[in-house]
Amino acid sequence: MAVNPYTSTLVSSSLSSKPYNQTIRFIAIKPTKPSRKASINCAALQSSPLLHFPHTINREQQDSHHPLQWNLLQRAAATALDMFEGALVSRETENPFPKTSDPRVQISGNFAPVPEQAVKHNLPVNGSIPDCINGVYVRNGANPLFEPVAGHHLFDGDGMVHAVSIDGNSVSYSCKLTETNRLIQEREMGRPVFPKAIGELHGHSGVARLALFYARSLLGLVDHSKGMGVANAGLIYFNNRLLAMSEDDLPYQIRITPSSDIETVGRYDFSEQHMSTMIAHPKLDPVTGEMFALSYDVVKKPYLKYFKFSKDGGKSPDVEIPLDVPTMMHDFAITENFVVVPDQQVVFKLQEMIKGGSPVIYDKDKKSRFGILPKNAETSDDMIWVESPETFCFHLWNAWEEPESNEVVVIGSCMTPPDSIFNECDENLKSVLSEIRINLKTRRSTKRSILHESEQVNLEAGMVNRDKLGRKTQFAYLAIAEPWPKVSGFAKVDLTTGEIKKFFYGDERYGGEPFFLPSGLNSEREDDGYILSFVHDEKTWKSELQIINAMTMLMEASVKLPSRVPYGFHGTFISSKDLAEQAQ
């Protein structure tokens, strides 16, 4: 077995938190038998019993934790607040973390971060890359700059974009952290200071962390006015701009340079048209070129807003959608004429922290439902709400209209228990590919599993042919999330018949989201295209990009990458023509 070059354990306090290339003190966390059965397979997560943080990073680091521009009062206040945080962390680490916020689980093995990599050209290629694949495949992921000082969830990490540029069999690779407002300030201070929304904001210590952060903000030690997001989830290319997104902030514009490097242009407000958050899965209509999006708020009403952009980037007025409680909406769907909004049972209740719990909870008393709103709506008056009991879809893969039956068909992966990604549960998580039919006339819904019972497997992360988004599609390409949460391969599923064809990466080889790229040859076949996926070999500790023919389900080519690519989130492909037209 190859030697793993990345080693570390959990940092003892926030005052000893260091970037990748500095010495770190360690503590051992007391093991204890959990009171409830874990909802994830820890053995599947951990390739090694330790966290893995790189020893080097390609950036100069500040030696001081206190920026030089602070005055004496600010320095004194910072020292006092640091002492308070040290005591808080010491108390937090007296007891074991739940697995959903334990760094040794959440970012172990190939979930662990890597240092930035400058562009490497002329990478070795096995096989032949199809001529239609000409451009850059980019994928986002969570990659914390600093080692966690306490609780940490996989979703909390700083955003890092991995880019593979392809021109024939000439291939280049680079990866860079997205220069968010949050990351820039933490790098300057030499330590993490912004609260981690999932891993740290639990119970009374979560309340204390929020108070600590806002005390620093009031004293001018940190600035949250320009956003607190990590831009680590989605990627979309719209109006000549590559946008990196997480639903807690505005997008960040990323630029791929002519040399195949990655640059952060900055936080993007659509030319001052949009000043609130935007979810990480906006939708591009392949026919009109418009982009549709949602924004949700966890503190104040309106908890949800809908808006769209013309293909030239002009924004519509916000449509306020009334909700009784702030609801987590990671994704939604579009059809030819409607947007489909899932109002489900995972909600935000910040008061739960006062009671000692998590602010993200499953509300068993709430009714899951879908809202159907015309795309061009100026108010929510014409919104139709249809209940869909016990339905929680973290992702929706597509939706379309069937006018002959007055139905909207929604395709998504229904998860149970709904909040097990965020909170430990008694059951192991299941993700069932489902068809939900919403009757606009009777305002009733039905739900069925698309796969036959004998073929059931966890399917999460993936897509349909994006040229068919919002229209009826035959196929979906989805990650086989087993052993959960790793991805052992992907499935091509016929959404009508339930037929499933599987491609596995091999023994101890795991990947992530399968990205479907149409061949662009005006084929009449919806599946005429290729699957792109990063794959990591946990025996050799090496990564590659695999290219699989979606029609034959056979590998066409693989690209050996110069460094490890962690398991990440979502990606996209930008053609060479679009790259040449990027906005500066």
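Residues numbered from 1 in each chain as written. Predicted model: local features only at pLDDT ≥ 70, side-chain atom pairs only at ≥ 80, totals over all residues. Heavy atoms only, no water.

## Some details on the overall build of the protein chain
Along the backbone of the protein chain there are seven helices and 33 strands. Residues classed as buried in the protein chain amount to 62% of the 584 residues present. Residue pairs in contact within the protein chain that sit at least 24 positions apart in sequence constitute 63% of those at least 6 positions apart. For the protein chain, the exposed surface amounts to about 23400 Å²; the carbon and sulfur share of it is 51%. (Helix = DSSP H or I, 4+ residues; strand = E, 2+ residues; numbered from the N terminus. Buried < 20%, exposed > 50% of the residue type's maximum accessible area, 1.4 Å probe, protein only. Contact = heavy atoms within 4.5 Å. Areas by Shrake-Rupley, 256 points an atom, 1.4 Å probe, with all protein chains shown as cover.)

## Quick word on the pairing of strand 21 (residues 407-416)
The element strand 21 is extensively covered by neighbouring structure, given that nine of its 10 residues are classed as buried. Note: strand 20 (residues 393-402) against strand 21, eight bridges, orientation antiparallel. Residue C393 lies in a different strand from strand 21, and its bridge partner there is C414. Note that strand 21 and strand 22 (residues 430-439) share 10 bridges and pair antiparallel. Considered in strand 22, the bridge of T416 is made with K430. (Pairing = 2+ DSSP bridges.)

## Structural notes on empty space enclosed by the protein
In this structure the tally under the stated criterion is six cavities of 30 Å³ or more. Of the volumes computed, that of the largest cavity is approximately 90 Å³. Lining the largest cavity we find E85, P148, V149, P192, V193, F194, P195, K196, E200, R209, F213 and R216. Looking at the lining of the largest cavity element by element, the count peaks at three residues for helix 5 (residues 203-218). In this model, the second largest cavity occupies a volume close to 80 Å³. In this structure, the second largest cavity is lined by P144, L145, F146, D156, G157, D158, R182, E186, P192 and K196. Of the residues assigned to the lining of the second largest cavity, the class counts are four nonpolar, one polar and five charged. (1 Å grid on protein atoms, 1.4 Å probe; cavity = no way out; pocket = protein on both sides within 12 Å on 5 of 7 lines; lining within 4 Å. Points joined across faces, edges and corners; volume = space filled by probe spheres on them. Nonpolar A, V, L, I, M, F, W, Y, C, P; charged D, E, K, R; others polar.)

## Examining the pattern of salt bridges
Under the criterion given, the structure shown has 32 salt bridges. Of the charged contacts in the structure, one is a salt bridge between R471 and D285, with a shortest N-O distance of 3.3 Å. In this pair, R471 is assigned in the loop between strand 24 (459-463) and strand 25 (475-480) and D285 in the loop between strand 10 (283-284) and strand 11 (291-296), connecting sequence segments 186 residues apart. Given the relative accessible area of 3%, D285 is considered buried. As a salt-bridge pair, K502 and E455 come within 3.8 Å of each other at their nearest N and O atoms. Of this pair, K502 sits in strand 27 (residues 500-504) while E455 sits in the loop between strand 23 (445-449) and strand 24, and the two are 47 residues apart along the sequence. Overlapping salt bridges, with partners in common, bring together E402, E407, E435, R437, R448 and K472 in one network. (Salt bridge = Lys/Arg side-chain N within 4 Å of Asp/Glu carboxyl O.)

## Comments concerning unusual backbone geometry
At the junction of K301 and P302, the peptide bond is cis and its omega measures out at -5° in the coordinates. Take P302: it is sitting in the loop between strand 11 and strand 12 (304-309). Going from E482 to P483, the amide bond is cis rather than trans, its omega being -5°. Inspection of the secondary structure assignment puts P483 in the loop between strand 25 and strand 26 (489-494). Its identity as a non-glycine residue notwithstanding, E272 has a phi of 65°, on the positive side.

## Some points on the layout of surface pockets
Reported here for the second largest pocket is a volume of approximately 1100 Å³. The set of elements that each furnish at least two residues to the lining of the second largest pocket consists of strand 6 (234-238), strand 10, strand 20, strand 24, strand 29 (515-518) and strand 33 (571-575). In terms of residue class, the lining of the second largest pocket is built from 20 nonpolar, 14 polar and nine charged.

## Some points on the sheet that holds strand 22
Sheet strands associate in pairs through backbone hydrogen bonding, adopting either a parallel or an antiparallel arrangement. What the four strands build is an open sheet, ordered 20-21-22-23; its pairing is antiparallel. In the strand order of this sheet, the two ends are held by strand 20 and strand 23, each with one partner. Along the sheet, successive strands turn relative to each other by an average axial angle of 25°, direction set aside. (Axes fitted to C-alpha atoms, helices over the stretch in contact; angles between N-to-C directions.)

## Examining the packing of aromatic side chains
By convention here, two paired aromatic rings are described through the distance between centres and the angle between planes. Applying the stated rule across the entire model yields 15 aromatic pairs. Considering the side-chain rings of F270 and F309, the 4.2 Å spacing of their centres and the 25° angle between planes classify their relative orientation as stacked. A residue pair is termed long-range when its members are at least 10 positions apart, and F270 in the loop between strand 9 (262-267) and strand 10 and F309 in strand 12 qualify at 39 residues. With respect to burial, F270 and F309 carry one shared label: buried. Measuring from ring centre to ring centre gives 6.1 Å for F503 and Y505, while their planes differ by 70°; the resulting arrangement is edge-to-face. Like F503, the residue Y505 is buried in the burial classification. Pairwise contacts between aromatic rings join F238, Y268, F270, F307 and F309 into one cluster. (Phe/Tyr/Trp six-rings, centres within 6.5 Å; stacked < 30°, edge-to-face > 60°.)

## So, helix 5
Quick reminder: α-helices carry 3.6 residues per turn. Residues three or four places apart thus point the same way. The first and last C-alpha atoms of helix 5 sit 23 Å apart over 16 residues, in line with the 22 Å expected at 1.5 Å per residue. Taken residue by residue, helix 5 has G203, G206, A208, R209, L212, F213, R216 and S217 as its buried positions. Phi turns positive one or two residues past the end of helix 5, at G220, with a value near 80°. (Expected span 1.5 Å × (residues − 1).)

## Details of the pairing of strand 11
Among the six residues that make up strand 11, six are buried, leaving the element largely enclosed by the rest of the structure. The alternating pattern of strand 11 places M291, A293 and S295 on one face and F292, L294 and Y296 on the opposite face, and all of these are buried. Strand direction decides the pairing type here: strand 10 and strand 11, joined by two bridges, are antiparallel. Bridge pairing in strand 11 links L284 to M291. Two successive antiparallel strands, strand 10 and strand 11, enclose a turn made up of six residues, where G289 displays a positive phi of approximately 80°. Pairing analysis gives six bridges linking strand 11 to strand 12, with the strands arranged antiparallel. Across the sheet, the residue bridging to S295 is K305, located in strand 12.

## Examining the UniProt feature "binding site: Fe cation" (unreviewed entry) in the protein chain
The feature "binding site: Fe cation" (unreviewed entry), as annotated in UniProt, sits at H281, H330, H395 and H570 in this numbering. Spatially, the listed residues are clustered: although they cover 290 residues, their C-alpha atoms lie within 12.6 Å of one another. Within the annotated group just given, the residues that line the second largest pocket are H281, H395 and H570. Here H281 is to be found in the loop between strand 9 and strand 10. What makes H281 buried here is its relative accessible area of 11%. When residues no more than four places from it in sequence are discounted, the contact partners of H281 are H330, D331, F332, H395 and H570. (UniProt positions renumbered as here; feature names shortened; annotations may be inferred.)

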